[in-house]
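Residue-level structural notes
For reference, the chains in residue letters:
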Amino acid sequence: SGKGAPSGVLPPAERAAALLRILRAQRAQAEGLARVRVAMPEYASLERDELYAEFLRSYCPDNESPLPPADPEGAARNSWNVQRYLLLKRALVELLYDRIAQTLEARLAADAQRVLVHACQRALDESLSAARPLRSRDLRERRPLQRDAFSARSSVVGVAKDPNSTTVVLAKLTPDGELVDWLRCEWLHVSLRRSPSGDYRTRSGADRARKAEELAKVAEFLSPPDAPGPDFVVLGASHLRARDLRTEFENLGRAIAVRAREGDRAFDLYNECSFPLGRVEMVDSLGGMDRVRREPLEDARPPITMTLAEMDEGAPFRCLFAPEVVPAFFAASEAAVKELGERHPLLWRAVSIARMAQDAVVELAHVAGPEGAGLASMHLHPLQTALPREVLLEALTERMVSWVARLGVRLPWVLAHGTQGKNLLQYLPGLGPRKGARLFDQLANLAQAGQDVSNRAELAERNLLGHRVFASVAGFVYFAPVASAGQAEEDLELEPSLEMTRVHPEHYEYANQLCVQAAADEEAEELPEQAEAVRAMIGNREMLQQLELSEYARFLRGEEMDGAAPVPE
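Note that the structure is a prediction, hence the values are computed from the model and not measured.

**Here we look at the pattern of salt bridges**
Scanning the entire structure with this criterion turns up 14 salt bridges. A salt bridge links R399 to D125, with the shortest nitrogen-to-oxygen separation between them at 3.2 Å. Note that R399 is positioned in helix 12 (residues 389–407) and D125 in helix 3 (residues 75–129), a separation of 274 residues in sequence. Among the salt bridges present, the one from R355 reaches E339, with a minimum N-O distance of 2.8 Å. Placement of the pair is R355 in helix 10 (residues 345–358) and E339 in helix 9 (residues 334–340), with a sequence separation of 16 residues. Judged by relative accessible area, R355 falls into the buried class, the value being 3%. What emerges from the salt-bridge pattern is a single network uniting R261, E262 and E310.

Rendered as C-alpha cells:
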C-alpha cells in the first residue's frame with residue numbers, strides 16, 4: 001500500500017501500472033504465449049482460509065458443543081460434520097470462488113480498459129500541448145496556449161528525415177499552412193569541419209564540395225535575400241539522429257548571422273571551424289590555471305570577434321522539435337496524396353510537422369478526416385489495440401471537443417482555408433460531423449455569393465443554426481477578419497469588438513459594462529464611451545490581468561465587497 005492509502009490498496013499510479021500489466025498478460029494469453037487466471041484458495045490451503053473457518057464455526061458443531069440425547073456418542077454429529085466439510089469445500093472452491101474469480105477478472109479487465117482509455121487521452125493531450133501554436137511575434141519564446149485573435153501565425157519550415165537513409169526534406173509553409181516551396185537534401189550528414197589539428201574530418205574532397213553546395217542552397221532557402229524567411233525550423237523528433245540534424249540547422253543559423261555581418265568568407269570559415277560553440281581553455285596565470293572562454297572564430301585569419309551570443313541573437317530562425325505521431329499518420333493516408341500530389345513521402349510528413357507547430361489542433365482535425373475516424377488509427381499507446389475501436393474513437397473525440405472548446409474556432413479563417421479548417425467544426429460543442437459539414441457548406445455558399453457572415457447573431461438570424469444549437473456553439477466561435485491575398489496578417493487593421501472574443505452574446509451587456517468600468521479614470525467625472533472602452537480593453541493583457549473579476553461579480557450582485565463569501569468558479 002502507498003503512503004496515506006488504506007492497507008492493501010495501491011496508489012493510483014501503481015494501480016494503473018498493475019492494470020496495464022494485466023492487459024499485457026491477457027494479450028499474451030490470446031496469442032498462446034501464457035495462461036492467465038485469478039488465483040483463489042485451493043483444498044490444501046482451505047484450513048488457512050478465513051471464510052472457510054468462519055463457515056465451519058457457524059455450521060459444524062465442535063467437540064465442546066453439548067451432544068443431543070439421541071446421539072450420546074457423537075457419531076451422528078461427526079458423520080454430519082464430514083458431509084458439511086465436503087459441502088462447504090465444494091460451495092467455496094467450485095461455486096463461490098469460481099464465480100468470484102470470473103467476476104474479479106471481468107472487473108479488472110474493465111478497470112484496465114478505463115486506464116488504457118485515459119492513457120490514450122493523455123498521450124493525445126501531450127501531443128497537442130507539446131506543439132503549442134507558434135506566432136510570429138514570439139520568435140524567442142512560445143506563446144501562451146490560448147489563441148490570440150490579434151497575432152498572426154508564424155512562417156515555418158518543416159524538416160523530415162528518413163532514419164534509414166541520408167535523405168532530408170524541407171517544406172516551407174506560409175503562416176496559413178500553405179506549401180510554397182520545398183527542398184530535398186542528401187549531403188547534410190557530411191561534416192565540413194576541421195579537427196583541432198587542422199585536418200578535415202571528412203577525407204573526401206568531393207563529398208565536402210557537395211555538402212558546401214547543398215549548405216548554400218539550404219541557407220538561401222531559409223534566408224532568401226529578396227523575401228522574409230521562416231521564423232521557425234521545426235524538426236520531427238522520431239529518432240536519435242534528429243538531434244544531430246537540429247544541431248546542423250542551429251549552426252547554419254549562426255553561420256547566416258556571421259555572413260550578414262562579416263561576409264561570405266566568414267560564412268565558410270564558421271562552417272569549417274573546429275568548435276562551432278566555442279571552447280574553454282586552461283591557461284597559466286600568476287594565480288595558477290585560469291579558464292578562458294574562446295569564441296568560435298577567434299582562430300580565423302584575420303580573427304573574427306563575433307561572439308556566440310551575437311550569433312544566436314542574429315540567427316534568422318529558431319529550431320524546435322515536434323512530435324511525429326500525427327505527421328506519420330498523415331503521410332500514410334490517402335489525404336496526403338490527394339492534397340499534395342504524388343511527391344516524395346517525406347514531403348507529406350514535413351508539411352504536417354510544420355502545420356503541427358503552427359496549430360496542432362487544426363492539423364489533427366484536418367488529419368482525422370471529416371468523420372474523425374482517423375483519431376482511432378493513430379498510434380498513441382502500445383496496448384491500444386486491446387480497446388474496441390468505437391470506445392477509443394469516442395474517448396479521443398471527447399478530448400478533441402474539449403481542446404476545440406478551450407481554444408475556440410475562428411470562423412473567417414476556417415472559410416478561407418477550408419482544406420485545413422473545415423473538419424474543425426465537427427468538434428464544436430453542439431455540432432458534430434453532420435451539422436459541422438452542413439454549417440461549413442452553408443457559410444461557403446454565402447461567401448461565394450458575397451453574403452459573408454460577419455458576426456454571431458447572423459448565425460441564428462439566417463437560420464444557419466437552430467436556437468438551441470446556437471446557444472451551445474456561440475461561445476466557442478469568434479469572428480476576427482483574415483488577411484486578403486498578398487496581405488500580411490500583421491498589417492491587417494483590426495477594429496476590436498466583442499465578436500473577436502470568446503464572450504457569449506448572452507453576456508455582451510455585462511462585458512460592455514465591465515469594459516467601461518475598467519477603462520474609467522478614477523479622477524474623471526464621466527465614464528468613457530462604451531465603444532471606446534471596448535477598444536481600449538480588448539487585447540490589452542496588462543489591464544485585463546489587473547481586474548478582480550470575483551470582486552466585480554459580487555459588486556454586480558449587490559453584495560458587500562469586504563467579507564463576502566467567495567463566488568464559486
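So, next bit.
**What to know about the nonpolar core**
Ranked by internal contacts, the top residues of the largest apolar core, which has 78 residues, are M400, V409 and L459. Looking at this core element by element, the count peaks at nine residues for helix 10.

**Remarks on a nonpolar patch on the surface**
A cluster of nonpolar side chains, L51, L95, L96, I100 and L104, forms an exposed patch at the surface whose accessible area comes to about 370 Å². The element contributing the most residues to the nonpolar patch is helix 3, with four residues.

**A closer look at the sheet that holds strand 1 (residues 156–161)**
Here five strands make up an open sheet; going across it, the order is 3-2-1-4-7 and the pairing mixed. Of all strands in the sheet, those bounded by a partner on one side alone are strand 3 (179–185) and strand 7 (318–322). Between one strand axis and the next, the sheet turns by 20° as a mean value, whatever way the strands run. Pairing of strand 4 (residues 232–236) with strand 7, which is carried by five bridges, proceeds in the parallel orientation. Paired with V233 across the strands is C319, a residue of strand 7. Helix 4 (residues 205–222) rests against strand 1, strand 2 (168–173), strand 3 and strand 4 of the sheet, and its axis sits at about 165° to strand 3.

**Quick word on the confidence of the model for the chain**
When pLDDT is averaged along the chain, the result is 79; 83% of the residues meet or exceed 70. Considering only residues more than four positions removed or in separate chains, one finds that residues 560–569, a stretch of pLDDT under 50, has 13 contacts.

**Section: the side chain of N251**
Its location among the elements puts N251 in helix 5 (residues 241–262). Accessibility expressed as a relative area gives 8% for N251, which makes it buried. Within the structure, N251 has its side chain in polar contact with the side chain of Y270 (distance 3.5 Å). Among all residues touching N251, those that are not within four sequence positions of it are R193, Y270, P276 and L277.

**Section: unusual backbone geometry**
One non-glycine residue with positive phi stands out, namely N463, at about 60°. With respect to the element layout, N463 can be found in the loop between helix 16 (456–461) and helix 17 (467–473).

**Thoughts on empty space enclosed by the protein**
Applying the stated criterion across every chain, the model contains five cavities of 30 Å³ or more. Here the second largest cavity is characterised by a volume of approximately 50 Å³. Around the second largest cavity, the lining residues are V159, A160, K161, L235, G236, S238, H239, A242, L245 and E324. Those elements that place two or more of their residues in the lining of the second largest cavity are strand 1, strand 4 and helix 5. Looking at the lining of the second largest cavity element by element, the count peaks at three residues for strand 1. Here the lining of the second largest cavity is composed, by residue class, of five nonpolar, three polar and two charged.

Rules used throughout
Residues numbered from 1 in each chain as written. Predicted model: local features only at pLDDT ≥ 70, side-chain atom pairs only at ≥ 80, totals over all residues. Heavy atoms only, no water. Salt bridge = Lys/Arg side-chain N within 4 Å of Asp/Glu carboxyl O. Helix = DSSP H or I, 4+ residues; strand = E, 2+ residues; numbered from the N terminus. Buried < 20%, exposed > 50% of the residue type's maximum accessible area, 1.4 Å probe, protein only. Core = buried A, V, L, I, M, F, W, Y, C linked by side-chain atoms within 4.5 Å. Patch = residues over 30% accessible without salt bridge, like charges linked within 9 Å, V, L, I, M, F, W, Y side chains within 5 Å. Areas by Shrake-Rupley, 256 points an atom, 1.4 Å probe, with all protein chains shown as cover. Pairing = 2+ DSSP bridges. Axes fitted to C-alpha atoms, helices over the stretch in contact; angles between N-to-C directions. Contact = heavy atoms within 4.5 Å. pLDDT = per-residue confidence, 0-100. Polar contact = N/O pair within 3.5 Å; in protein donor to acceptor, adjacent residues only side chain to side chain. 1 Å grid on protein atoms, 1.4 Å probe; cavity = no way out; pocket = protein on both sides within 12 Å on 5 of 7 lines; lining within 4 Å. Points joined across faces, edges and corners; volume = space filled by probe spheres on them. Nonpolar A, V, L, I, M, F, W, Y, C, P; charged D, E, K, R; others polar.

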